Amino acid sequence: MTSKPDKLITLDEYIIQAQNKFPGATGELSQLLRDIGLAAKIISREVNKAGITNLLGSDGSSNIHGESVKRLDLFADQQLISALDRSMITCMVISEENDGIVRLNSEGGKYIVYLDPLDGSSNIDVNVSIGSIFSIYMRQPRFDKKLVEEDALQPGTRQVAAGYVLYGSSTIMAYTTGLGVSAFTLDPSIGEFILSDDDFKIPKHGNIYSINEGSYNSWADGLKRYIKYCQVEDPDTGRPYTSRYIGSMVADLHRTLVKGGIFIYPASKRYPNGKLRLMYECNPLSMIIEQAGGKAIDGEKRIMEIQPESIHERVPIYIGSPDNVSMAAEFLAKYAMQEA
Ligand code: P6P
């Protein structure tokens, strides 16, 4: 659910209007968000014609997780990092495409930015929606000015802003600075993101569950029983629920935000700690969903309260409508005791 704006407002205008509500604001966070918006427009242009510009396919390398890197991944990474570097506000970037921290020209910059430059890249070659995810932290004051990885190991509750860009049937940028979630749709004819949804609220309950059921056999018993619960015929509770799984987290999350329900990427035999990364997938999307009234947990505790130990660590995630996430957590807790 959301409030539809009654007049045309661009992303830049919206950011300025929001900034003006805070007289002490320096405008630096506003500039950072505009930088990301610019990079998103450039990435969107290339995503929409990747087949023609030979940007499809892999570039032959693999990232820190051993996943083959697509040419568009690298293009998106370069565009986002150079946009952030230009405004001298960000001191370092951590990105899925780079093993370690990327120090930018402004080592004095006040922000640290995590990026998944092009999430869902396995879908690039089959023309399925993909997305960029960003998470913004303040650099913590330290007497020793040399930036180290530890400066970036902050829990998700310390994010000052987070958001995503979804390159789908249209290109949508959604973000929050902790004052609700707003979404903008790109109008390519004028090259502007236009406010399309202000103050998104996720439905309290949804009838859609989203999980890769191929790993069913290695799930915890409580998760198996929860998914079976979703599939049982019970018209009074809207069951059986519908199963939807795109395989691009940003696309699955945006659908969950709009229609409600739950997205799950659990621990499994192949991914004992889950597959999705805490710092540049789960934390930013958890901030979005929580700001919209939803919940995000690792099966037990709140995702955003996890103290990270490494910049690329993975975590299981159950995220979406509060009723659905709470129900899943009850099943996990109930049957975990029996498994113990
Ligand atoms: P699986 C894409 O590679 C990604 O990182 C997320 O965008 C997506 O939710 C997940 O992995 C899909 O993983 O194992 O279901 O293919």
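Quantities reported herein were computed from a predicted structural model and do not represent experimental measurements.

**Description of the overall build of the protein**
Logical step 1: Counting secondary structure elements, the protein contains seven helices and 15 strands.
Logical step 2: Radius of gyration (C-alpha) of the protein: 20 Å, near the 20 Å computed for a compact globule of 340 residues.
Logical step 3: Seen through its C-alpha atoms, the protein measures out along the principal axes to roughly 55 × 45 × 45 Å.
Logical step 4: Classification of the 340 residues of the protein by burial places 55% in the buried group.
Logical step 5: In the protein, once contacts between residues fewer than 6 apart in sequence are set aside, the share between residues at least 24 apart is 63%.
Logical step 6: Counting only carbon and sulfur atoms, one obtains 51% of the accessible surface of the protein, whose full area is about 14,700 Å².
Logical step 7: The protein carries 35 positive and 43 negative side-chain charges, and their two centres are separated by 1 Å.

**Notes on the pattern of salt bridges**
Logical step 1: In total, this model carries 12 salt bridges according to the counting rule given.
Logical step 2: Residue Glu 281 pairs with Arg 277 through a salt bridge whose shortest N-O separation is 3.4 Å.
Logical step 3: Three or more residues are tied together by salt bridges with common partners; here these are Glu 96, Arg 277 and Glu 281.

**Topic: the sheet that holds strand S12 (residues 242-243)**
Logical step 1: Taken together, five strands build an open sheet; the order of strands is S12-S11-S13-S15-S14 and the sheet is mixed. Edge positions in the sheet fall to S12 and strand S14 (295-297), since each of these pairs with one other strand and no more.
Logical step 2: Bridge count between S14 and strand S15 (residues 317-320): three bridges; the pairing is antiparallel. Bridging from a neighbouring strand, Ala 296 pairs with Ile 319 of S15.

**So, the nonpolar core**
Logical step 1: With 43 residues, the main nonpolar core has Tyr 114 and Ile 317 as its most contacted residues.
Logical step 2: No other element matches the seven residues that helix H6 (residues 278-291) contributes to this core.
Logical step 3: For this core, the two domains that each supply at least three residues are domain 1 (11-197) and domain 2 (208-339).
Logical step 4: What Ile 317 contacts, discounting residues up to four positions off in sequence, is Met 249, Phe 263, Ile 264, Tyr 265, Leu 276, Cys 282, Ser 286, Ile 297 and Ile 303.
Logical step 5: By size, the runner-up hydrophobic cluster in this structure holds 40 residues, among which are Val 47, Leu 84, Leu 104 and Tyr 167.

**Quick notes on the domain arrangement of the protein**
Logical step 1: Annotation of the protein at the domain level lists domain 1 (11-197) and domain 2 (208-339).
Logical step 2: Centre-to-centre separation of domain 1 and domain 2, based on C-alpha positions: 24 Å.
Logical step 3: In this assembly, 49 residues from domain 1 lie in contact with 31 residues from domain 2.
Logical step 4: Connecting domain 1 to domain 2 are one salt bridge.
Logical step 5: Glu 96 serves as the salt-bridge partner of Arg 277, at 2.7 Å between the closest nitrogen and oxygen.
Logical step 6: Taken together, the connections running from domain 1 to domain 2 amount to 14 residue pairs in polar contact (both at pLDDT 80 or more).
Logical step 7: A breakdown of the residues in the side of domain 1 that touches domain 2 according to their chemical character gives 24 nonpolar, 19 polar and six charged.

**Overview of the site of the ligand**
Logical step 1: The environment of the ligand is formed by 13 residues, the closest being Asp 119, Asn 212, Tyr 245, Met 249 and Tyr 265.
Logical step 2: Separating an oxygen atom of the ligand from a side-chain N or O atom of Asn 212 is a distance of 2.9 Å.
Logical step 3: Between the ligand and Tyr 265, the relevant distance is 2.6 Å, taken from an oxygen atom to a side-chain nitrogen or oxygen of the residue.
Logical step 4: Coverage of the ligand by the protein chains reaches 84% of its 400 Å² of free accessible surface.

**Description of the side chain of His 312**
Logical step 1: Relative to the elements of secondary structure, His 312 occurs in the loop between S14 and S15.
Logical step 2: In terms of polar contacts, His 312 uses its side chain to reach the side chain of Tyr 280, at 2.6 Å.

**A short note on the side chain of Asp 77**
Logical step 1: Here Asp 77 is to be found in helix H3 (residues 71-86).
Logical step 2: It is Arg 277 that comes nearest to the buried, bridge-free Asp 77 among opposite-charge side chains, at 12 Å.
Logical step 3: Within the local environment of Asp 77, its side chain forms a polar contact with the side chain of Ser 95, the two groups lying 2.7 Å apart.
Logical step 4: Not counting residues within four places of it along the chain, the set of residues in contact with Asp 77 comprises Ser 95, Glu 97, Asn 98 and Pro 117.

Cut-offs and rules
- Residues numbered from 1 in each chain as written.
- Predicted model: local features only at pLDDT ≥ 70, side-chain atom pairs only at ≥ 80, totals over all residues.
- Heavy atoms only, no water.
- Helix = DSSP H or I, 4+ residues; strand = E, 2+ residues; numbered from the N terminus.
- Rg over C-alpha atoms; globule rule 2.2 N^0.38 Å.
- Buried < 20%, exposed > 50% of the residue type's maximum accessible area, 1.4 Å probe, protein only.
- Contact = heavy atoms within 4.5 Å.
- Areas by Shrake-Rupley, 256 points an atom, 1.4 Å probe, with all protein chains shown as cover.
- Lys, Arg positive; Asp, Glu negative; His and termini not counted.
- Charge placed at Lys NZ, Arg CZ, Asp CG, Glu CD.
- Salt bridge = Lys/Arg side-chain N within 4 Å of Asp/Glu carboxyl O.
- Pairing = 2+ DSSP bridges.
- Core = buried A, V, L, I, M, F, W, Y, C linked by side-chain atoms within 4.5 Å.
- Domains from an automatic or database assignment.
- Polar contact = N/O pair within 3.5 Å; in protein donor to acceptor, adjacent residues only side chain to side chain.
- Nonpolar A, V, L, I, M, F, W, Y, C, P; charged D, E, K, R; others polar.
- Near = heavy atom within 4 Å.

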